[in-house]
Protein chains: 2
Amino acid sequence: MSADSVSSCPVPHVPKDTVLLGHGGGGRLMQQLLEGLILPAFRNPALDRRHDGAVVEFGGERVAFTTDSYVVHPLFFPGGDIGRLAVHGTLNDLAMCGAKPRYLSAGLIIEEGLPMADLGRIVESMRQAAAAAGVSLVTGDTKVVDRGKGDGLFINTAGLGVVPPGVDVGPDRLRAGDVIILNGDIGRHGMAIMAQREGLAFESTIVSDTADLSGLVAATVAAGVDMHCLRDCTRGGLGASLIELAETAGLHIRLREAAVPVVEPVRGACEILGLDPLYVANEGRCVLMVPPHEVAPALAAWRAHPEGRGACVIGEVGDPRRGGGGVTVESQIGTERLLDLFSGEQLPRIC
Amino acid sequence: MSADSVSSCPVPHVPKDTVLLGHGGGGRLMQQLLEGLILPAFRNPALDRRHDGAVVEFGGERVAFTTDSYVVHPLFFPGGDIGRLAVHGTLNDLAMCGAKPRYLSAGLIIEEGLPMADLGRIVESMRQAAAAAGVSLVTGDTKVVDRGKGDGLFINTAGLGVVPPGVDVGPDRLRAGDVIILNGDIGRHGMAIMAQREGLAFESTIVSDTADLSGLVAATVAAGVDMHCLRDCTRGGLGASLIELAETAGLHIRLREAAVPVVEPVRGACEILGLDPLYVANEGRCVLMVPPHEVAPALAAWRAHPEGRGACVIGEVGDPRRGGGGVTVESQIGTERLLDLFSGEQLPRIC
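Okay, so let's go over this structure. (Residues numbered from 1 in each chain as written. Chains lettered and ligands numbered in written order. Predicted model: local features only at pLDDT ≥ 70, side-chain atom pairs only at ≥ 80, totals over all residues. Heavy atoms only, no water.)

**Observations concerning a nonpolar patch on the surface**
Residues and elements named next belong to chain A.
For step 1, the next point in the chain: Together, Leu200, Ile272 and Leu273 make up an exposed nonpolar region whose accessible area comes to about 250 Å².
For step 2, the next point in the chain: Tracing the sequence through the fold places Ile272 in helix 9 (residues 264-273).
For step 3, the next point in the chain: A relative accessible area of 64% places Ile272 in the exposed class. (Patch = residues over 30% accessible without salt bridge, like charges linked within 9 Å, V, L, I, M, F, W, Y side chains within 5 Å. Areas by Shrake-Rupley, 256 points an atom, 1.4 Å probe, with all protein chains shown as cover. Salt bridge = Lys/Arg side-chain N within 4 Å of Asp/Glu carboxyl O. Helix = DSSP H or I, 4+ residues; strand = E, 2+ residues; numbered from the N terminus. Buried < 20%, exposed > 50% of the residue type's maximum accessible area, 1.4 Å probe, protein only.)

**What about the packing of aromatic side chains?**
For step 1, the next point in the chain: Taken as a whole and assessed by the stated rule, the structure comprises three aromatic pairs over all chains.
For step 2, the next point in the chain: When the ring of A:Phe58 is compared with that of B:Tyr103, the centres are 5.9 Å apart and the planes differ by 85 degrees; the resulting orientation is edge-to-face. Residue A:Phe58 is found in strand 1 (residues 54-58), and its partner B:Tyr103 is found in strand 5 (residues 100-111); the two belong to separate chains. Each member of the pair, A:Phe58 together with B:Tyr103, is buried.
For step 3, the next point in the chain: Against the face of B:Tyr70 rests A:Lys143, its NZ or CZ located 5.6 Å from the ring centre. (Phe/Tyr/Trp six-rings, centres within 6.5 Å; stacked < 30°, edge-to-face > 60°. Lys NZ or Arg CZ within 6 Å of the ring centre and 35° of its normal.)

**A word on the interface of chain A and chain B**
For step 1, the next point in the chain: Contacts between the two partners involve 77 residues from chain A, matched on the other side by 77 residues from chain B.
For step 2, the next point in the chain: Buried surface at the junction of chain A and chain B, both sides included, amounts to about 6500 Å², of which 69% is carbon and sulfur.
For step 3, the next point in the chain: Remark: the boundary between chain A and chain B carries eight salt bridges.
For step 4, the next point in the chain: The shortest N-O distance in the salt bridge between A:Arg235 and B:Asp141 comes to 3.0 Å.
For step 5, the next point in the chain: For the pair chain A and chain B, the interface holds 20 residue pairs in polar contact (both at pLDDT 80 or more).
For step 6, the next point in the chain: Listed by contribution, the elements that provide at least two residues to the side of chain A that touches chain B are helix 2 (28-38), helix 3 (45-48), strand 1, strand 2 (61-70), strand 5 (100-111), helix 5 (116-133), strand 6 (136-145) and strand 7 (153-162) of chain A.
For step 7, the next point in the chain: Broken down by element, the side of chain A that touches chain B gets its largest block of residues, 10 residues, from strand 6 of chain A.
For step 8, the next point in the chain: Tallied by class, residues from the side of chain A that touches chain B come to 40 nonpolar, 21 polar and 16 charged. (Contact = heavy atoms within 4.5 Å. Buried area = accessible area lost by both parts, 1.4 Å probe. Polar contact = N/O pair within 3.5 Å; in protein donor to acceptor, adjacent residues only side chain to side chain. Nonpolar A, V, L, I, M, F, W, Y, C, P; charged D, E, K, R; others polar.)

**Regarding the nonpolar core**
For step 1, the next point in the chain: Residues A:Leu119, A:Leu153, A:Leu238, A:Val287 and A:Met289 are the most contacted members of the largest nonpolar core, which totals 81 residues.
For step 2, the next point in the chain: It is helix 5 of chain A that provides the largest number of residues to this core, a total of eight residues.
For step 3, the next point in the chain: Not counting residues up to four positions away in its chain, the partners in contact with A:Val287 are A:Ile180, A:Ile181, A:Leu182, A:Cys229, A:Leu230, A:Arg231, A:Cys233, A:Leu238, A:Leu242, A:Leu245, A:Trp302 and A:Ile314.
For step 4, the next point in the chain: With 80 residues, the next largest nonpolar core counts B:Tyr70, B:Val72, B:Leu104 and B:Cys233 among its residues. (Core = buried A, V, L, I, M, F, W, Y, C linked by side-chain atoms within 4.5 Å.)

**Topic: the pairing of strand 9 (residues 229-232) of chain B**
Within a regular beta strand, the side chains point alternately toward one face of the sheet and then the other, so they alternate between its two faces.
Residues and elements named next belong to chain B.
For step 1, the next point in the chain: Every second residue of strand 9 is oriented toward a common face, with Cys229 and Arg231 on one face and Leu230 and Asp232 on the other, all of them buried.
For step 2, the next point in the chain: In the sheet, strand 9 pairs with strand 11 (residues 286-290) via four bridges, with the strands oriented antiparallel. Residue pairing for strand 11: Asp232 is matched across the bridge by Cys286. (Pairing = 2+ DSSP bridges.)

**Re the side chain of B:Thr139**
For step 1, the next point in the chain: Considering the arrangement of structural elements, one finds B:Thr139 in strand 6 (residues 136-145).
For step 2, the next point in the chain: Non-local contacts of B:Thr139, meaning those with residues more than four positions away in its chain, are made with A:Leu47, A:Asp52, A:Gly53, A:Ala54, A:Phe65, A:Thr66, A:Thr67, B:Leu104, B:Ser105 and B:Ala106.

**What about the relation of the copies chain A and chain B?**
For step 1, the next point in the chain: Mapping chain A onto chain B is achieved by rotating through 180 degrees and translating by 0.0 Å along the same axis, at an RMSD of 0.0 Å. On the angle and the small slide along the axis, the relation comes out as a two-fold axis.
For step 2, the next point in the chain: Looking at the interface residues of chain A, 100% of them are also at the interface in chain B, so both copies use one shared face. (Least-squares fit on C-alpha atoms with pLDDT ≥ 70 in both.)

**What to know about the sheet that holds strand 12 (residues 312-317) of chain B**
Residue and element names in this part refer to chain B.
For step 1, the next point in the chain: On the basis of which strands lie adjacent, the open sheet formed by seven strands has the order 9-11-8-12-10-13-14 and mixed pairing. Looking at which strands have only one partner, the edges of the open sheet turn out to be strand 9 and strand 14 (336-339). Taking the axes of each pair of neighbouring strands and ignoring which way they run, one obtains an average angle of 25 degrees across the sheet.
For step 2, the next point in the chain: The pairing of strand 8 (residues 179-182) with strand 12 spans four bridges and is classified as antiparallel. Bridge pairing in strand 12 places Ile180 opposite Gly315.
For step 3, the next point in the chain: With respect to the sheet, helix 4 (residues 82-96) is in contact with strand 9 and strand 11, its orientation differing from that of strand 9 by roughly 165 degrees. (Axes fitted to C-alpha atoms, helices over the stretch in contact; angles between N-to-C directions.)

**Some details on the sheet that holds strand 1 of chain A**
For step 1, the next point in the chain: The mixed open sheet is built from five strands, whose spatial order is 1-2-7-5-6 (chain A). Each having just a single partner strand, strand 1 and strand 6 of chain A make up the two edges of the open sheet. Strand-to-strand twist of the sheet, defined as the mean angle between neighbouring strand axes without regard to direction, takes the value 20 degrees.
For step 2, the next point in the chain: Judged from the 10 bridges that link them, strand 5 of chain A and strand 7 of chain A form a sheet pairing that is antiparallel. Within strand 7 of chain A, the position partnered with A:Lys100 by the bridge is A:Val162.
For step 3, the next point in the chain: Helix-sheet contacts for helix 5 of chain A involve strand 5, strand 6 and strand 7 of chain A, and the interaxial angle to strand 7 of chain A is about 15 degrees.
For step 4, the next point in the chain: Strand contacts of helix 2 (residues 28-38) of chain B: strand 5 and strand 6 of chain A, with the helix running at about 140 degrees to strand 6 of chain A, the strand carrying the most contacts.

Structure (structure tokens):
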């Protein structure tokens with residue numbers, strides 16, 4: 001596993017005057033770009049909460065609002081395509097706010113020359129994914145850019161959902177003692193894209209885990225579980241998600257590596273490519289943090305749901321021996337290491 | 001003026017199997033793409049209303065929701081930049097729903113190699129434009145694509161606004177007899193971009209009209225004017241806006257060309273380039289349709305507002321001699337012609 005070398009690797013000396021691919025990678029460079037240039041311009045309580053979406057109020061209802069652009073390459077991959085991803089990703093960002101998704105927008109930026117049949121397949125994927133989740137795509141926009149000025153298709157989706165009364169989910173609710181639950185094995189989405197892009201053939205095809213997690217969250221709400229925080233493990237993988245949460249909350253997180261499921265084809269592919277599954281992107285995996293007395297009902301609710309069958313406890317929030325906001329990984333053989341954001345991009349353009 | 005040749009020009013025989021630049025141009029090709037491929041996948045009442053945004057309900061409040069991607073080239077132009085445009089454009093789409101803008105999202109797709117200073121200037125433009133309108137940018141996303149797979153920067157903004165009680169604005173409220181008011185001279189944005197892009201030097205620099213129109217709409221609401229419909233005159237210009245409205249409402253529109261203000265530098269540049277100002281994009285111009293008894297208060301409200309100083313009556317809805325949903329232009333010398341959507345793209349990537 002390469003996590004040791006990743007975690008001990010300082011941010012390299014990079015030119016500071018242009019944007020690099022790594023600035024979009026979910027790692028330290030991206031954090032620097034956001035915190036140094038973008039977030040300071042727009043300071044407000046919703047943005048400062050550093051969550052997957054903002055929660056605003058209309059008519060006394062709490063409405064989650066979120067956006068994501070999708071630039072995945074290639075457009076089609078085992079288990080999905082950019083359209084399915086663009087719908088699932090935004091549904092999931094709403095779900096991570098505890099919200100029930102209601103409405104989506106879609107903005108397409110098409111490169112001249114995209115086969116109309118590909119566009120048709122992708123739009124149909126979006127339709128199916130939205131219909132399956134019971135949400136309506138209510139507004140959209142289409143732009144076309146010159147050949148060579150895009151990459152087939154980029155999709156932005158924004159979403160609106162309603163946070164049910166009593167639900168309050170966010171990094172500011174994390175408490176020492178909270179238990180971390182993961183909904184299944186990690187690394188499949190990133191490795192599916194990687195294998196497709198590089199033409200790698202492994203023994204068995206790795207299929208992306210892309211999935212709508214809003215039903216899983218709704219089931220947890222229905223079970224009356226007091227969710228403290230939710231976070232999907234997309235760019236930067238489970239590792240980046242936990243590090244961001246620890247830093248935002250200012251609390252230490254302890255992760256037990258042996259408890260994190262990785263299926264054999266993903267583990268094998270990661271070993272061949274020198275990647276750490278902890279940093280590989282997922283599109284249907286999330287972590288839930290709950291107080292100890294909610295672990296049993298949360299696990300029961302998740303394991304009864306198709307997207308939570310593989311649910312397991314993988315760690316805890318708050319190590320009494322440590323202050324601050326880091327993540328410690330307890331390895332399979334009992335040693336400990338500090339997990340750090342990798343500098344730039346482990347796998348570019350996986351979402 | 002080239003409108004006659006444009007209006008009599010049938011849709012050329014184009015390859016139907018790939019996306020063309022013209023599919024993004026606000027003309028007939030784009031209409032075909034939307035109606036043939038995209039809209040049928042997502043049919044729902046909000047989308048079918050064919051307005052600048054959807055109006056949905058939360059907690060009994062009517063919330064306008066809209067999105068637009070911005071791919072303007074070049075990123076900086078006289079009077080603005082892509083960031084200012086991306087904020088104004090979405091504010092305006094909300095305003096065209098009669099809504100008071102509240103929240104924005106921003107999704108940046110950055111091409112590797114974009115100078116950090118350019119990104120900083122653009123983010124600062126967005127900040128200023130949002131602050132001036134009193135809206136908060138509450139959620140966002142940043143992606144980076146490889147060099148040669150983008151064009152510097154694309155920005156998507158989505159927006160949320162509240163439709164005040166009693167306000168109901170949309171093509172379905174158009175009635176025969178409604179009077180059409182325009183808020184100022186047309187064609188400046190498109191010609192400013194064109195001159196910048198092509199390095200054309202005219203006698204005086206043409207400055208984009210990009211502006212936030214939400215204050216103008218709020219002033220109209222405050223004046224108690226019963227607005228039937230609003231539409232900004234962006235891609236495809238005033239011509240495309242009126243044609244779309246006429247077709248959506250199934251009502252004829254009559255436009256008096258002599259009443260449409262065009263400043264001399266824009267008229268001159270259009271003549272040199274063989275363009276019709278009616279089809280040139282604006283980013284701070286809109287039309288308002290009101291019943292005849294509301295014309296005087298509407299004009300008074302608009303002329304008292306900085307963005308409506310040039311307000312004038314330019315035509316009427318519903319010609320008793322004609323059925324259906326076309327637009328007739330009465331020329332300066334009294335002749336009439338039918339206005340048609342141009343086929344593809346008069347000026348690509350102006351927004």
